[in-house]
Amino acid sequence: MSSILTNNGAMVALQTLKSINSNLSDTQNQIATGKEIGSAKDNSAIWAISKVMEADVAGFDAVTKSLAVGEATLGVASAGAESIVETLKEMEALAVAGGSETADFTKIQADMLQKVAQITDTIEASQFNGVNLLSTAGDPLTIVSSVNRVGTAAATTDTISVANLDFEAGIDTAGMTAITDSATASDAFNEIQAMMATALTGASTIGSAASRVSDQKAFVGKLSDSLKSGIGALVDADMESASARLQALQTQQQLGVQALSIANQAPQTILSLFR
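Residues numbered from 1 in each chain as written. Predicted model: local features only at pLDDT ≥ 70, side-chain atom pairs only at ≥ 80, totals over all residues. Heavy atoms only, no water.

(A) Geometry of the overall build of the protein. When helices and strands are tallied, the protein shows six helices and two strands. When the helices and strands of the protein are listed from N to C terminus, the series reads α-α-α-β-β-α-α-α. By the compact-globule yardstick of 19 Å for 275 residues, the protein is too spread out, its C-alpha radius of gyration being 38 Å. Reported as C-alpha extents along the three principal axes, the dimensions of the protein are approximately 140 × 30 × 20 Å. Counting every position in the protein, which comprises 275 residues, the buried fraction comes to 32%. Long-range contacts, defined as pairs at least 24 residues apart, comprise 76% of the intrachain contacts of the protein with a sequence gap of at least 6. Of the accessible surface of the protein, which amounts to about 15700 Å², a share of 56% is contributed by carbon and sulfur atoms. When the 15 positive and 29 negative side-chain charges of the protein are each reduced to one mean point, those points stand 23 Å apart. (Helix = DSSP H or I, 4+ residues; strand = E, 2+ residues; numbered from the N terminus. Rg over C-alpha atoms; globule rule 2.2 N^0.38 Å. Buried < 20%, exposed > 50% of the residue type's maximum accessible area, 1.4 Å probe, protein only. Contact = heavy atoms within 4.5 Å. Areas by Shrake-Rupley, 256 points an atom, 1.4 Å probe, with all protein chains shown as cover. Lys, Arg positive; Asp, Glu negative; His and termini not counted. Charge placed at Lys NZ, Arg CZ, Asp CG, Glu CD.)

This is how it looks when you write it as structure tokens:
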């Protein structure tokens, strides 16, 4: 039955064309944004997962900065501790030289006082952004090292803590015996040996912490890259596939327009019945 009021063919062609246009719009949006899932309406479950992962990536970026600051702080402290070890070695040599009765004890003690002042200056200068692990007044160093997430539980953070080493108390150069003869030189040598042990232990502690922070920084960088790759696998558009789909949909759109035009012309054939 033909009707001039209801054109079923045109309605079908119109619905088909609307569907093609909708798919074409989605494909064009994927090509423009590079994302197959750009909002919750595209795929709410995967979109939610990707946003959680993006939040973790942002957290790891902050962790990387924290580790970088911690690494720099430990680097300054390590340089100071190693410098103090070298100065103590020079002081040992002076004390050994004072073991001879023919030594110039006045000059040895003058040199020793300069070395003591150098150690004091080194301890005070070994700070980064106000954090000094060698000074009595310094605080422990806490470094955020990771962001952890298990299942649907809230994310938590891990930290790396480095205690204050307090070289000022452990290396008591102010109370060291003054070298005035071979006997006092021997006493000073023994005291320097004790201070050297403290300095070496402190330098080793800082070195171990610095190595751990460096390793963690490298790991966090790799972990962040893996998360970014995972997010891309979830939401990024396959550009080759999208390009091929775009070509197909454009062809379908042209055919749909022609089909609708043909369907709209159908009622005009009824006029021939009345001629």
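(B) Representation of the side chain of Asp56 in the model. The topology assignment puts Asp56 in helix α2 (residues 44-97). According to the relative accessible area criterion, Asp56 is buried, its value standing at 11%. For Asp56, the side chain forms a polar contact with the side chain of Arg149, separated by 2.7 Å. Residues in contact with Asp56, not counting those within four places in the same chain, are Val147, Arg149 and Leu227. (Polar contact = N/O pair within 3.5 Å; in protein donor to acceptor, adjacent residues only side chain to side chain.)

(C) Structural view of the pattern of salt bridges. Tallying each qualifying case throughout the model produces seven salt bridges. Between Asp104 and Lys107 there is a salt bridge, and its shortest N-O distance comes to 3.9 Å. The exposure class of Asp104 is partly exposed, given its relative accessible area of 38%. Owing to a relative accessible area of 56%, Lys107 belongs among the exposed residues under this scheme. (Salt bridge = Lys/Arg side-chain N within 4 Å of Asp/Glu carboxyl O.)

(D) Layout of the packing of α2 against helix α3 (residues 105-125). Look at α2 against α3: their axes get within 10 Å of each other, and the N-to-C directions meet at 170°. Here α2 is positioned roughly antiparallel relative to α3, judged by the angle of their axes. Between α2 and α3, the residues in contact are Gly80, Ser83, Ile84, Thr87, Leu88, Glu90, Met91, Leu94, Ala95 and Ala97 and Ile108, Asp111, Met112, Lys115, Val116, Gln118, Ile119, Thr122 and Ile123, respectively. Taken together, the residues of the contact of α2 with α3 break down into eleven nonpolar, five polar and three charged. (Axes fitted to C-alpha atoms, helices over the stretch in contact; angles between N-to-C directions. Parallel < 35°, antiparallel > 145°, perpendicular 65-115°, else oblique. Nonpolar A, V, L, I, M, F, W, Y, C, P; charged D, E, K, R; others polar.)

(E) Quick peek at the nonpolar core. Among the nonpolar cores identified, the biggest contains 47 residues, and Leu74, Ile84 and Leu88 are the most heavily contacted of them. Elements supplying a minimum of two residues to this core: α2, α3, β1 (141-148), β2 (156-162) and α5 (182-235). Sequence-distant contacts of Ile84, defined by excluding residues within four places in its chain, comprise Ile119, Thr122, Ile123, Leu134, Phe167, Ile171 and Ala199. (Core = buried A, V, L, I, M, F, W, Y, C linked by side-chain atoms within 4.5 Å.)

(F) View of the packing of α2 against α5. In contact at an axis separation of 6 Å, α2 and α5 are set at 160° when each is read in the N-to-C sense. Viewed along their axes, α2 and α5 adopt a mutual orientation that is roughly antiparallel. Crossing of α2 against α5: the hand is left-handed. Of the residues assigned to the contact of α2 with α5, the class counts are 35 nonpolar, eight polar and eight charged. (Left-handed = near helix turned anticlockwise from the far one by under 90°.)

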